[in-house]
Amino acid sequence: MLSLRMRRLVVVILFNAVLAAALQALAPAAPRLTDRDEYEYSGRQPFASHCPNTIYCYRILVPVLLEQVPADAERRWRGLQWIAHTATGSIVAIATAPIGPPLIASFLVQTSYGFTFTAYDPYSPDPVVFLISAIVLYLWLIDRALAVAVIAVVGVFVKETVALVASAPALAVVMWSDRRSRWRWLLPAALAWIILLGFHWYMDTYAGWGISRNPAASFSTGSWLAIWWKLNPSLAKKALMLFAPFGFAWAFAAFGYRHASRPFQQLAAGAALPMLALTFVQTPERALGNAFFVVIPLAAAFLGRVPAVAAWAAAITSGLVTARIGLSSELLPSSAVLLPVAAGAAPWGCWGYARQPR
């Protein structure tokens, strides 16, 4: 007989697996624009001189490993996305369990913009970055700085975002913790940035690589943030895209901050600056989607103090809004239909929270 704890773990994993598969099935068969060719080039020729694909050249780990999998490329990419999303949602749920409902956390994770966008376009290392972020959250909670250092050193070869994720615990201890723990948690960020910058320098110097042709490298002109601003001239559209990563879970997280335990609060504070920095070099809606490892636990901490029916109504309706935007799926109702429903469910959840005895 399985223990109660093991049964709950199995339920969480199965819930995430089914939800991740369902969202993948709802996505269109192929994205309109994708970086698949660039990543697959790096998988076939990971250290070729004069790599023509700018920033994608440095993200070699995932495409190289996928090339070793005995399956066609389509199954490799989609299989990795499903496995990574299942694992990520499960880890976030397990980490969140002490402060909020793990299944609600799972639902909010899987339907968030970042996760549904990678269900729509799985041809990137982002699902693995999400998994690394979830592991960093869990290891932070159990105070395993050395393990995070190892993961960060390897993870920067997945994507540069990992160095920013590793910086979140470092900033958290600088702001909050005592000197003894401070030095241990500075190590992952320091090693990640040293390895990342060293790798870029070496390949630029000796292999003729470079990122100068990528808009993200144009820091003086505002990088991707400036391009995003120009491509979305409507302030309403900008606001919608900033809302898109988590929908009303942004507000739930703000309300839930006071109910989260100290380690969650610390990590959330530490993640603020790295996530804002990421919005400068990546489209903001995709950049902010990386903040799920702090936003979702805080949102679950709030919804855990709301009556179950209202909590699930708020989570499901908000999740459907972000999923519709991320998936670009015609199988879901339009955002114009879903948004008013979610806008009604969110205040209902807040009203239920206000009526709960303190």
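In this report, we go over the structure that sits alongside the text. On a predicted model such as this, the values are computed, not experimentally measured, just so you know.

## Quick notes on the packing of aromatic side chains
Moving on, step 1. According to the stated counting rule, one finds 23 aromatic pairs in the structure shown.
Moving on, step 2. Both rings, one in Tyr-39 and one in Tyr-56, keep their centres 5.3 Å apart while their planes meet at 85 degrees; by these two values the pair is edge-to-face. With Tyr-39 in helix H2 (residues 36-44) and Tyr-56 in the loop between H2 and helix H3 (61-66), the pair connects residues that are 17 residues apart, well separated along the chain.
Moving on, step 3. Taking the relative accessible area as the measure of exposure, Tyr-56 reaches 16% and is therefore buried.
Moving on, step 4. A centroid spacing of 5.0 Å and a plane angle of 70 degrees characterise the contact between Phe-157 and Phe-199, whose relative ring orientation is edge-to-face.

## As for the state of the cysteines
Moving on, step 1. Tallied over the full model, the rule gives one disulfide.
Moving on, step 2. For Cys-51, the disulfide goes to Cys-57, at an S-S distance of 2.1 Å. The disulfide joining Cys-51 to Cys-57 has a torsion of about -90 degrees about its S-S bond and is therefore left-handed.
Moving on, step 3. Overall, Cys-57 belongs to the buried group, its relative accessible area being 1%.

## Quick notes on the pattern of salt bridges
Moving on, step 1. Within this structure, the stated rule accounts for 10 salt bridges.
Moving on, step 2. Across the pair Arg-36 and Glu-74 runs a salt bridge whose closest N-O atoms are separated by 3.0 Å. Note that Arg-36 is positioned in helix H2 and Glu-74 in helix H4 (residues 73-96), a separation of 38 residues in sequence.
Moving on, step 3. Taking the relative accessible area as the measure of exposure, Glu-74 reaches 27% and is therefore partly exposed.
Moving on, step 4. Between Arg-78 and Glu-74 there is a salt bridge, and its shortest N-O distance comes to 2.5 Å. With Arg-78 and Glu-74 both in helix H4 and four residues apart, the pair spans about one turn of that helix.

## Quick look at the side chain of Thr-116
Moving on, step 1. Along the polypeptide, Thr-116 turns up in helix H6 (residues 113-120).
Moving on, step 2. Separated by 3.2 Å, the side chain of Thr-116 and the backbone oxygen of Tyr-113 make a polar contact.
Moving on, step 3. Apart from residues no more than four positions distant in its own chain, Thr-116 is found in contact with Leu-23, Gln-110, Thr-111, Thr-322, Ala-323, Gly-326 and Leu-327.

Reading the values: the criteria
Residues numbered from 1 in each chain as written. Predicted model: local features only at pLDDT ≥ 70, side-chain atom pairs only at ≥ 80, totals over all residues. Heavy atoms only, no water. Phe/Tyr/Trp six-rings, centres within 6.5 Å; stacked < 30°, edge-to-face > 60°. Helix = DSSP H or I, 4+ residues; strand = E, 2+ residues; numbered from the N terminus. Buried < 20%, exposed > 50% of the residue type's maximum accessible area, 1.4 Å probe, protein only. Disulfide = S-S within 2.5 Å. Salt bridge = Lys/Arg side-chain N within 4 Å of Asp/Glu carboxyl O. Polar contact = N/O pair within 3.5 Å; in protein donor to acceptor, adjacent residues only side chain to side chain. Contact = heavy atoms within 4.5 Å.

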